[in-house]
Amino acid sequence: MTTTLTATTTRPEDRFLHAFEAYAGEVLNGTSEHLAALRRKAIERFGVLGFPGRKSEAWKYTPIAKALQHPYRIDPVPAVPALTEQALADYAIPELDAYRVVLVNGRFVPELSTTSDLPEGVVLTGLEEAARRHADLFEKYFAHYLDFENEPFLALNTAFARDGFFLYVPEGTALERPVHVLNLIDTDEELFLQPRNVVVAAPGASLKLVTSGHGRTAQRTFTNGVTEVFVGQGAEVHQYDLRLEGEAASGIFSTQAYLEGGARYTNGTLTLGGALVRNNVYVRFDDQEGEAHLYGFFLGRGSMHIDNHTRIDHAVPHCVSNELYKGILDDEATGVFNGKVLVRPHAQKTNAYQSNKSIVLTREARMYSKPELEIYADDVRCTHGAAIGQLDEDGIFYLRARGLTLQKARAMMLLAFARDVLDQITIEPLRAYLDELVAGRFGA
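From a predicted model like this one, the values you see are computed outputs, not experimental measurements. (Residues numbered from 1 in each chain as written. Predicted model: local features only at pLDDT ≥ 70, side-chain atom pairs only at ≥ 80, totals over all residues. Heavy atoms only, no water.)

Quick look at the overall build of the protein chain
A count of helices and strands for the protein chain gives 11 helices and 22 strands. Taken over C-alpha atoms, the radius of gyration comes to 21 Å for the protein chain, in line with the 22 Å a tight globule of 444 residues would show. Across the 444 residues of the protein chain, 56% fall into the buried class. Contacts spanning at least 24 positions in sequence make up 84% of the contacts within the protein chain whose residues lie at least 6 apart. Here the protein chain displays about 18500 Å² of accessible surface, and carbon together with sulfur accounts for 47% of that area. (Helix = DSSP H or I, 4+ residues; strand = E, 2+ residues; numbered from the N terminus. Rg over C-alpha atoms; globule rule 2.2 N^0.38 Å. Buried < 20%, exposed > 50% of the residue type's maximum accessible area, 1.4 Å probe, protein only. Contact = heavy atoms within 4.5 Å. Areas by Shrake-Rupley, 256 points an atom, 1.4 Å probe, with all protein chains shown as cover.)

A look at helix α9 (residues 393–401)
All of the buried residues along α9 are G395, I396 and L399. Seen end-on, α9 carries its buried residues on one side only, within an arc spanning 100°. Residues E393, D394, F397 and A401 are exposed on α9 and point more than 90 degrees away from its buried face. Looking at the buried residues of α9, the elements they touch are α10 (406–422). Capping the start of α9 is the job of one residue whose side-chain oxygen sits 3.1 Å from the backbone nitrogen of D394: D392. (Arc of directions from axis to C-beta. Polar contact = N/O pair within 3.5 Å; in protein donor to acceptor, adjacent residues only side chain to side chain.)

As for the domain arrangement of the protein chain
Here the protein chain is partitioned into domain 1 (23–287) and domain 2 (391–444). Centre-to-centre, using C-alpha coordinates, domain 1 lies 31 Å away from domain 2. With 15 residues of domain 1 in contact, the opposing surface of domain 2 contributes 12 residues. The junction of domain 1 with domain 2 conceals about 1200 Å² of combined surface from both sides, 78% of it contributed by carbon and sulfur atoms. Its largest share of buried area at the contact with domain 2, domain 1 owes to Y240, L270 and L272, together 42% of the area lost on that side. (Domains from an automatic or database assignment. Buried area = accessible area lost by both parts, 1.4 Å probe.)

If you want it as structure tokens, here you go:
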């Protein structure tokens, strides 16, 4: 059974509420009473919150309501077309030796995933399988730290999500090889997809995770994806998300990270594709001596709309956060950055830094930047800044005077601008891949 989101109802929310009732039985919940109760709570909260409109401060620059008016088809179990190893080779990162996880239309494909030689105790499987075979772990971490009470898209995903991937690294275990998640959209229908991912690094564990999204269809799609990240005491997680979907793909991609004492978390979000893309990265410190480093780079062209929204919650003392987001906008593209650092009353000795810098290459391109500090403690070190400008004409003249063409001079300066973010990537093959990809976009 599938449900088409048509324009016969008065609100987009009603379409999802109706679809939930259609699927609320065996399709979504199986025999899990725990999951059924959680889904019911989430959909009820979504019904109260509704989708954000222009009057919502967090969404004033991103017209999400217009995108949701499209009659996408919603199906918690979308079809998965057959793919070959040769087809996957087109999306491989050269020289990257990694465990591979393949998701097609949000569903885990075990026959294309290479996870057989994982260290003892590591769980890397589809979310649906994790709920069946690792019920204790699943119920301990799924939606346990997720704040869907105040976020409608998190609530909606919790109500509908059936598959995605589940990664658990046990205490003291270090994954020597990265995990590469290939997230492919391959459909002949206009789908609304809601994958859900859960990543757990138990105390003292470490891992590196790369997620790359790709479109294999000209059909219009929308993805409401959610990734929960738990970083245990003294654990370390490096997470890199690559948005490379095609011009027909739109989506909201939300990551919520929860850090225990002494945990280190790095998130790099690089957006080079998509029609309308919203990246939400939320971090909460739960104990002292934690560190969070957020990096982002986005390259907009045509009529792309790219929104990066971050929130770091310094709920305890003696924690460090660092944010650096850079963007380049060409043609009629629109960029948004809204970063908020919250320092709670008892979070003394907080050290927080936030920076957003963007280049607009045309008069038609638009960039909206809103860095925020909300501080309720008095013994802290917090700074933020934003800058929007154009390429330095003196720099262009200097390079051209030394024999470079105008195209190469512009490309060199733009690559140098992006370098601050790309150099933060700790996986060498991934950094080289992105260097080449970004240089190609600049025509270098």
